[in-house]
Amino acid sequence: MKRILSLFLTLIMLLPLLISCADGKSRDKEIAEKNEEDGEYNILILGDDLMDQSKAYEYFNKFCKANDKDVVVEHRTEKDARLYTFADLCESDKGFAEQVSKAEMIIFEEGTAETATTVESLERILEYANDPITVNVNFYGYQKRFYKSIFKEKFKDMQYADADYYVKSIIASDEYILGYEHLYMDDRIHPNRLCGYLTAIVIYCEVFNATPKVMNFESFEYDKKLLSCVPEEWQGREDELWDKLHEMLIDLM
């Protein structure tokens, strides 16, 4: 009886992992089917200065390529943009409206916004789309103003890439690795590429239901612009820093 109970408890503990693996494979199958249908699985990333300065979209695209995801990643960033900026663009810019219509997935972030405005703006954008998956990105250092309960009333399948949670956890760790000052530019407003790199990992893991443990990180250690963000105490030991950050994210996820 004890053996049966032990086996049952083990299966219960493994169930979330098994579901996660199944979901991850489901997304790959969905991409393969779409590519077979019309040759492209399109991901569109929308953002403001935070996305543009951090280059999170660039690193996300590189992760997709490094991990053999057969997707097309496009982005549109506008200075001081809010989601209504892109809703207006759908109406005024035919080329952008076509991008939106082709997207199987729309990844968006909005640093500061009223929830009601954001919901309305997203609804306007989706009028031009063809039932895409939506992914909401939250950068480190910017409080969430999107309340999930309100969003889920309108967008039941929305996914959340909460980079703020994971980066805060790294910074708050007893083993000091990084500080706020290492993740932002001199203006202390715009995230730098190191923050963008970590954000891109969180987005990738959310989109593909993966963990950093199964990701390919090869070649990123040679990114000179990313290396320029490494804290002074880690310079010359960048490989150790990347390994430490990846290990912490594995533990958190």
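Residues numbered from 1 in each chain as written. Predicted model: local features only at pLDDT ≥ 70, side-chain atom pairs only at ≥ 80, totals over all residues. Heavy atoms only, no water.

**Remarks on the state of the cysteines**
Two cysteines joined by a covalent bond between their sulfur atoms form a disulfide. All told, the structure shown has zero disulfides when counted by the stated rule. Cys229 supplies the cysteine sulfur nearest to Cys195, a cysteine that is in no disulfide, at a spacing of 9.7 Å. (Disulfide = S-S within 2.5 Å.)

**Some details on the packing of aromatic side chains**
Where two aromatic rings form a pair, the distance of their centres and the angle of their planes describe that pair. Counted according to the given criterion, the structure contains 15 aromatic pairs. With a centroid separation of 6.4 Å and an interplanar angle of 10°, the aromatic rings of Phe60 and Phe208 are classed as stacked. Here Phe208 lies in helix H9 (residues 193-208) and Phe60 lies in helix H3 (residues 56-66), a separation of 148 residues in the sequence. By relative accessible area, Phe208 is classed as buried at 4%. Taken together, the ring pairs in this structure connect Tyr59, Phe60, Phe63, Tyr197, Tyr204, Phe208, Phe217, Phe220 and Trp242 into an aromatic cluster. (Phe/Tyr/Trp six-rings, centres within 6.5 Å; stacked < 30°, edge-to-face > 60°. Helix = DSSP H or I, 4+ residues; strand = E, 2+ residues; numbered from the N terminus. Buried < 20%, exposed > 50% of the residue type's maximum accessible area, 1.4 Å probe, protein only.)

**Looking at the pattern of salt bridges**
Pairs may arise between side chains of opposite charge once their charged atoms sit close together. For the coordinates displayed, the defined rule picks out 18 salt bridges. Of the charged contacts, one joins Asp93 and Arg76 as a salt bridge, the two residues approaching to 3.6 Å between their closest N and O atoms. With Asp93 in the loop between helix H4 (83-92) and helix H5 (94-102) and Arg76 in strand E2 (residues 72-77), this pair connects stretches of sequence that are 17 residues apart. Accessibility expressed as a relative area gives 24% for Asp93, which makes it partly exposed. Between Arg124 and Glu91 there is a salt bridge whose closest N-O contact spans 3.0 Å. With Arg124 in helix H6 (residues 115-126) and Glu91 in helix H4, the pair connects residues that are 33 residues apart, well separated along the chain. Overlapping salt bridges bring together Lys34, Glu37, Asp38 and Glu104 as one network. (Salt bridge = Lys/Arg side-chain N within 4 Å of Asp/Glu carboxyl O.)

**Here we look at unusual backbone geometry**
Phi at Lys55 takes a positive value of approximately 60°, unusual for a residue other than glycine. When you line up the elements, Lys55 lands in the loop between helix H2 (49-54) and H3. Lys55 sits in the buried class, given a relative accessible area of 18%. Even without being glycine, Arg188 reaches a positive phi, approximately 60°. Inspection of the secondary structure assignment puts Arg188 in the loop between helix H8 (163-171) and H9. Given a relative accessible area of 40%, Arg188 falls into the partly exposed group.

**Side note on the nonpolar core**
Membership of the largest hydrophobic core comes to 56 residues, with the highest contact counts inside it found for Phe60, Phe63 and Ile107. Breaking this core down by element, the ones donating at least two residues are strand E1 (42-47), H2, H3, strand E3 (105-109), strand E4 (133-138), H8, H9 and helix H11 (238-252). By residue number, the principal contributor to this core is H9, which donates 12 residues. Excluding residues that lie within four positions of it along the chain, Ile107 makes contacts with Ile43, Leu44, Ile45, Leu46, Phe60, Val135, Val137, Ile203 and Val207. Phe86, Ala103, Phe108 and Tyr160 belong to the second-largest nonpolar core, a separate cluster that totals 21 residues. (Core = buried A, V, L, I, M, F, W, Y, C linked by side-chain atoms within 4.5 Å. Contact = heavy atoms within 4.5 Å.)

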